[in-house]
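Residue strings, one per chain:
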Amino acid sequence: MRKRAAAALMAWIVMQTPSAMAQEWLRSYGGSGRDTLREIVSIGEDVLVAGSTTSSDGDLSIRTREGETGWLFRLSADGSVLWSFCSSRDGRTEIESPYVHDDGHVTCVLSGAQGKEWIELNDRGRAETRVTVPDVS
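Quick summary incoming for the structure in this document. Everything quoted here is computed from the prediction, not taken from an experiment. (Residues numbered from 1 in each chain as written. Predicted model: local features only at pLDDT ≥ 70, side-chain atom pairs only at ≥ 80, totals over all residues. Heavy atoms only, no water.)

### Description of a nonpolar patch on the surface
Line of reasoning, step 1. Where nonpolar side chains cluster on the molecular surface, the patch consists of Trp 118, Val 131 and Val 133 and spans about 220 Å² of accessible area.
Line of reasoning, step 2. Relative to the assigned elements, Val 133 resides in strand 8 (residues 127–133). (Patch = residues over 30% accessible without salt bridge, like charges linked within 9 Å, V, L, I, M, F, W, Y side chains within 5 Å. Areas by Shrake-Rupley, 256 points an atom, 1.4 Å probe, with all protein chains shown as cover. Salt bridge = Lys/Arg side-chain N within 4 Å of Asp/Glu carboxyl O. Helix = DSSP H or I, 4+ residues; strand = E, 2+ residues; numbered from the N terminus.)

### Notes on the side chain of Asn 122
Line of reasoning, step 1. Looking at the element boundaries, Asn 122 is found in the loop between strand 7 (115–121) and strand 8.
Line of reasoning, step 2. On the basis of relative accessibility, which here comes to 9%, the residue Asn 122 falls in the buried class.
Line of reasoning, step 3. Discounting residues that sit within four places of it in the chain, Asn 122 has contacts with His 105 and Glu 128. (Buried < 20%, exposed > 50% of the residue type's maximum accessible area, 1.4 Å probe, protein only. Contact = heavy atoms within 4.5 Å.)

### Some thoughts on the layout of surface pockets
Rolling a probe over the atoms, with the probe sized like a water molecule, indicates the empty space that remains.
Line of reasoning, step 1. In this structure, the largest pocket occupies an estimated 270 Å³ of space.
Line of reasoning, step 2. Looking at the largest pocket, it is lined by 13 residues, and the ones nearest its centre are Arg 63, Arg 65, Thr 69, Cys 86 and Ser 87.
Line of reasoning, step 3. Of all the elements, strand 4 (residues 81–87) adds the most residues to the lining of the largest pocket, at 4 residues.
Line of reasoning, step 4. For the lining of the largest pocket, the per-class residue count stands at 4 nonpolar, 6 polar and 3 charged. (1 Å grid on protein atoms, 1.4 Å probe; cavity = no way out; pocket = protein on both sides within 12 Å on 5 of 7 lines; lining within 4 Å. Points joined across faces, edges and corners; volume = space filled by probe spheres on them. Nonpolar A, V, L, I, M, F, W, Y, C, P; charged D, E, K, R; others polar.)

### Observations concerning unusual backbone geometry
Line of reasoning, step 1. If you check the backbone angles, Asp 90 has positive phi at about 50 degrees while not being a glycine.
Line of reasoning, step 2. Among the structural elements, Asp 90 can be located in the loop between strand 4 and strand 5 (92–100).
Line of reasoning, step 3. The phi torsion at Ser 97 lies on the positive side, around 55 degrees, for a residue other than glycine.
Line of reasoning, step 4. When you line up the elements, Ser 97 lands in strand 5.
Line of reasoning, step 5. Taking relative accessible area as the criterion, Ser 97 reaches 40% and is therefore assigned partly exposed.

### What about the packing of aromatic side chains?
Two measures describe an aromatic ring pair: the distance that separates the ring centres and the angle between the ring planes.
Line of reasoning, step 1. With the rule as written, the count across this model stands at 2 aromatic pairs.
Line of reasoning, step 2. Considering the side-chain rings of Tyr 29 and Phe 73, the 5.4 Å spacing of their centres and the 40 degrees angle between planes classify their relative orientation as tilted. Remark: Phe 73 occurs in strand 3 (residues 69–75) and Tyr 29 occurs in the loop between helix 1 (2–16) and strand 1 (35–43); sequence separation between them is 44 residues.
Line of reasoning, step 3. Judged by centre distance (4.3 Å) and plane angle (25 degrees), the ring pair of Trp 71 and Phe 73 falls under stacked.
Line of reasoning, step 4. For Trp 71, a relative accessible area of 2% puts it in the buried group. (Phe/Tyr/Trp six-rings, centres within 6.5 Å; stacked < 30°, edge-to-face > 60°.)

### Thoughts on the pattern of salt bridges
Line of reasoning, step 1. Enumeration over the complete set of coordinates arrives at 8 salt bridges.
Line of reasoning, step 2. In this structure, Arg 34 engages Glu 68 in a salt bridge whose closest nitrogen and oxygen atoms are separated by 2.9 Å. Of this pair, Arg 34 sits in the loop between helix 1 and strand 1 while Glu 68 is found in the loop between strand 2 (46–53) and strand 3, placing the two residues 34 residues apart along the sequence.
Line of reasoning, step 3. Residue Glu 68 is classed as partly exposed on the basis of its relative accessible area of 31%.
Line of reasoning, step 4. The shortest N-O distance in the salt bridge between Arg 89 and Glu 117 comes to 3.1 Å. In this pair, Arg 89 is assigned in the loop between strand 4 and strand 5 and Glu 117 in strand 7, connecting sequence segments 28 residues apart.
Line of reasoning, step 5. Each of Arg 89, Arg 92, Glu 117 and Arg 130 takes part in a single network of salt bridges with overlapping partners.

Take a look at the structure:
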């Protein structure tokens with residue numbers, strides 16, 4: 001799954017980049033666990049990628065916990081990881097709906113079987129605000 005996700009990510013970036021500026025690269029992201037990329041959002045020449053992971057090695061060697069977690073990371077035009085953010089809470093293990101605001105901060109939603117949480121990150125990928133979103137009947 002990870003190889004297909006990396007290849008799809010590379011193909012998407014090449015399609016989004018003007019041909020004169022296109023840089024071809026292929027790289028797998030994550031580690032030895034299950035890494036799932038679900039959403040890709042362009043930010044000028046950079047890219048935000050959202051999903052989940054069970055890895056705690058490779059690109060995720062900074063993780064100190066085990067188990068599945070939501071994962072959001074920002075890549076530069078050459079494929080380098082600029083920052084990486086992981087979070088899980090109360091059964092929420094998937095990051096979705098990343099959005100980049102004009103001032104550079106990013107918002108996303110951490111979701112799972114136990115509802116959702118809205119998270120605001122600064123331009124370096126550090127959480128600044130977390131709000132539990134109540135379930136709507």
